[in-house]
Amino acid sequence: MSHHIYQTDGFILKSREAKDANRFYQIFTRDLGLIGASAQGVRLLKSKLRYSLHSFAYSHLSLVRGREVWRITSAGRIENIYKDLGPETPQPERFLLVERIFSLLDRLLTGEEKNEPLFEAVLGLINFLKIDEAKVDKVDSALFSADELRSIETISVMRILYFLGYFS
């Protein structure tokens, strides 16, 4: 019996260990919404998937629907959000903002329902927060103030609530 392979992009919101070498992921995808998916043997050193499947990765995924859970058959990392916005960057507070947004998405999204405008809003937020490499010598002009980061987070939360139908 053959299975349909779904191709989609997604943000890995969080993951947890499952069995010996497996891992279970909460993934917000462009085409399927929030899904739970497992990857077999991803914690082994020889696994090719482990480089593309870590928390705060934006990856292109190939998925197969199982009886109870999605299974990840292949993955390719598009972007490493942790590397682009994490503690090693000039302003790690940007990563904390993304971490809070991903946590909010994990709490508010319920099940598999496509919401492409919400996905595009999250992708736009991440692209907005990245520092332009051309401005590295002028780092101060590329950084956000604390007030600007609070405003960005407030607007992002309002957009998420809007796209989820909490207000019109």
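Everything below is about the structure printed above this text.
Source: prediction; values computed, not measured. (Residues numbered from 1 in each chain as written. Predicted model: local features only at pLDDT ≥ 70, side-chain atom pairs only at ≥ 80, totals over all residues. Heavy atoms only, no water.)

Peer 1: Looking at this structure, I do not really get the pairing of strand β4 (residues 57–65). What am I missing?
Peer 2: A regular strand carries its side chains on alternate faces of the sheet. Extensive coverage of β4 is indicated by the burial of seven of its nine residues. Relative to β4, strand β1 (residues 5–18) runs antiparallel, the two being bridged by seven bridges. Within β4, the residue paired with Phe11 across the bridge is Tyr58. With nine bridges connecting them, β4 and strand β5 (residues 70–80) associate as antiparallel partners. Looking at the pairing, Arg65 lines up with Trp70 of β5. Hairpin connection, β4 to β5: the antiparallel pair is bridged by four residues. (Buried < 20%, exposed > 50% of the residue type's maximum accessible area, 1.4 Å probe, protein only. Helix = DSSP H or I, 4+ residues; strand = E, 2+ residues; numbered from the N terminus. Pairing = 2+ DSSP bridges.)

Peer 1: Any chance you could explain the pattern of salt bridges here in plain terms?
Peer 2: If you walk through the whole model with that rule in mind, you get eleven salt bridges. Between Arg65 and Glu112 there is a salt bridge, and its shortest N-O distance comes to 3.6 Å. Placement of the pair is Arg65 in strand β4 and Glu112 in the loop between α2 (93–108) and α3 (116–129), with a sequence separation of 47 residues. Where Asp147 meets Arg150, a salt bridge forms, and the shortest distance between an N and an O atom there is 2.1 Å. Taken together, the residues span about one helical turn, with Asp147 and Arg150 both in helix α5 (residues 146–163) at a distance of three residues. The exposure class assigned to Arg150 is partly exposed, which follows from its relative accessible area of 48%. Residues joined in a network through salt bridges with shared partners are Asp9, Arg30, Lys114, Glu116 and Glu120. (Salt bridge = Lys/Arg side-chain N within 4 Å of Asp/Glu carboxyl O.)

These results come straight from atomic positions and should not be treated as a statement about function.
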